[in-house]
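# Understanding the architecture of this molecule
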Amino acid sequence: VAAMEVWLWRVVTTVLLSLPTFVSIRSVPKLLIVLAAITGLPVVAFILVGMTRVQPAVWFESRHGKPVSFGKLVNVLFWNLEGWDCISTCSALCAEPMEKTVPRGLFAALGLTSTQYLLV
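Source: prediction; values computed, not measured.

Procedures and definitions
Residues numbered from 1 in each chain as written. Predicted model: local features only at pLDDT ≥ 70, side-chain atom pairs only at ≥ 80, totals over all residues. Heavy atoms only, no water. Helix = DSSP H or I, 4+ residues; strand = E, 2+ residues; numbered from the N terminus. Rg over C-alpha atoms; globule rule 2.2 N^0.38 Å. Buried < 20%, exposed > 50% of the residue type's maximum accessible area, 1.4 Å probe, protein only. Areas by Shrake-Rupley, 256 points an atom, 1.4 Å probe, with all protein chains shown as cover. Lys, Arg positive; Asp, Glu negative; His and termini not counted. Charge placed at Lys NZ, Arg CZ, Asp CG, Glu CD. Expected span 1.5 Å × (residues − 1). Bend = angle between axes of the 7 residues up to and from the residue. Patch = residues over 30% accessible without salt bridge, like charges linked within 9 Å, V, L, I, M, F, W, Y side chains within 5 Å. Salt bridge = Lys/Arg side-chain N within 4 Å of Asp/Glu carboxyl O.

A tally of regular secondary structure across the chain gives 5 helices and 0 strands. Shown N-terminal to C-terminal, the secondary structure of the chain runs as helices and strands in the order α-α-α-α-α. Taking 120 residues into account, the globule formula puts the C-alpha radius of gyration at 14 Å, and the chain, at 19 Å, lies well above it. Seen along its three principal axes, the alpha-carbon backbone of the chain occupies a region of about 55 × 50 × 30 Å. Across the 120 residues that make up the chain, the buried fraction comes to 5%. Here the chain displays about 10,700 Å² of accessible surface, and carbon together with sulfur accounts for 72% of that area. Taken together, the 9 basic and 6 acidic charged side chains of the chain have centroids lying 6 Å from each other.

Next comes the structure, spelled out in structure tokens:
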């Protein structure tokens, strides 16, 4: 029964998130902005709460006195940057994608992502 409920929840969520595309392709960019703002709110909350608990002395410490594995750190950072390839899908919805919109969006996303990594 639990597996069926999970499956049904996924179907309902998929249909609800796909509904704007079926209704009108013009509503998708506005919806994406709203969804980005909603998903960004928890990140902002974590940053604000975390700023009160910063302890720079422990940034490069590891468990049990072992040295920091920078290979794992870089692997996690690059894994978290996955998704940049979605630009090809989104650029079809943009006016002047290659001239203005995509480069501006990439630089803005790079700045926001870098700032988020530094703050979180």
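Structure shown, so let's carry the discussion forward.
Compared with an ideal rise of 1.5 Å per residue, which puts 24 residues at 34 Å, helix H2 (residues 28-51) spans 34 Å between its outermost C-alpha atoms and is within 8% of the ideal. Bending of H2 peaks at approximately 25° at the position of Gly 40, with proline Pro 42 no more than four residues after it.

Attention now moves to a nonpolar patch on the surface. A grouping of Val 44, Leu 48, Met 51, Val 54, Val 58, Trp 59, Phe 60, Val 68, Phe 70, Leu 73, Leu 77 and Tyr 117 is seen on the molecular surface, where their side chains present a nonpolar patch of about 1,200 Å² in accessible area. Of all elements in the fold, only H2 and helix H3 (70-80) reach the threshold of two or more residues within the nonpolar patch. When you line up the elements, Phe 70 lands in helix H3. Accessibility expressed as a relative area gives 47% for Phe 70, which makes it partly exposed.

Once that is clear, we can look at the environment of Leu 48. As for its position among the elements, Leu 48 is in helix H2. Separated by 72 residues in the primary sequence, Leu 48 and Val 120 have C-alpha atoms spaced 9.4 Å apart.

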